Amino acid sequence: QVQLVESGGGLVQAGDSLRLSCAASGRTFSHYTMGWFRQAPGKEREFVAGITWRGYTYYADSVQGRFTISRDNAKNTVYLRMSSLKPEDTAVYYCAVRTTDTFSDIRHYGSNEYDHWGQGTQVTVSS
């Protein structure tokens, strides 16, 4: 059974940094593309960052240059390092994995392209 558990969220000030973690279990996650999404109140869930099995990374324009996604396959964990945080980054952040294909370097930006999700972690950035 696939399980994703996010942690590391919290309340920070604008300009601060934060690192989110996503611990995965139930599969060999090194084979899969994983991603981070976020959802602010009253808004659709949106793509933030993705990382392929090979470690290729890609980002939403809104976070490019400020956020960094990485993975530690030995720990079955994906990270999202967030720097220069802005109030508009406030949202619930979700980790997701795409298990429908393996060893792929295709970039996937849509939430419907990922089939397992964590419960989310709240990030609040005050001005």
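Residues numbered from 1 in each chain as written. Predicted model: local features only at pLDDT ≥ 70, side-chain atom pairs only at ≥ 80, totals over all residues. Heavy atoms only, no water.

**Here's the deal with the nonpolar core**
Next, step 1: Among the nonpolar cores identified, the biggest contains 35 residues, and Met34, Trp36, Leu80, Met82 and Tyr93 are the most heavily contacted of them.
Next, step 2: Sorting the residues of this core by element identifies β3 (18-25), β4 (33-39), β5 (46-51), β6 (57-59), β7 (67-72), β8 (77-82), β9 (91-98) and β11 (121-126) as the ones contributing at least two each.
Next, step 3: With five residues, the single largest contributor to this core is β9. (Core = buried A, V, L, I, M, F, W, Y, C linked by side-chain atoms within 4.5 Å. Buried < 20%, exposed > 50% of the residue type's maximum accessible area, 1.4 Å probe, protein only. Helix = DSSP H or I, 4+ residues; strand = E, 2+ residues; numbered from the N terminus.)

**Some remarks on the packing of aromatic side chains**
Next, step 1: Per the stated rule, a full pass over the model turns up nine aromatic pairs.
Next, step 2: Ring geometry for Phe29 versus Tyr32: centroids 6.1 Å apart, planes at 75 degrees, classification edge-to-face. Like Phe29, the residue Tyr32 is buried in the burial classification.
Next, step 3: Plain terms: the ring middles of Phe47 and Tyr109 are 4.9 Å apart, the flat faces sit at 70 degrees to each other, and that makes the pair edge-to-face. (Phe/Tyr/Trp six-rings, centres within 6.5 Å; stacked < 30°, edge-to-face > 60°.)

**What to know about the environment of Gln13**
Next, step 1: Looking at the element boundaries, Gln13 is found in strand β2 (residues 10-13).
Next, step 2: With a relative accessible area of 53%, Gln13 lands in the exposed category.
Next, step 3: Sequence separation between Gln13 and Leu80 is 67 residues, and the spatial gap between their C-alpha atoms is 17 Å.
Next, step 4: Setting aside chain neighbours within four positions, we find Gln13 in contact with Val125 and Ser126. (Contact = heavy atoms within 4.5 Å.)

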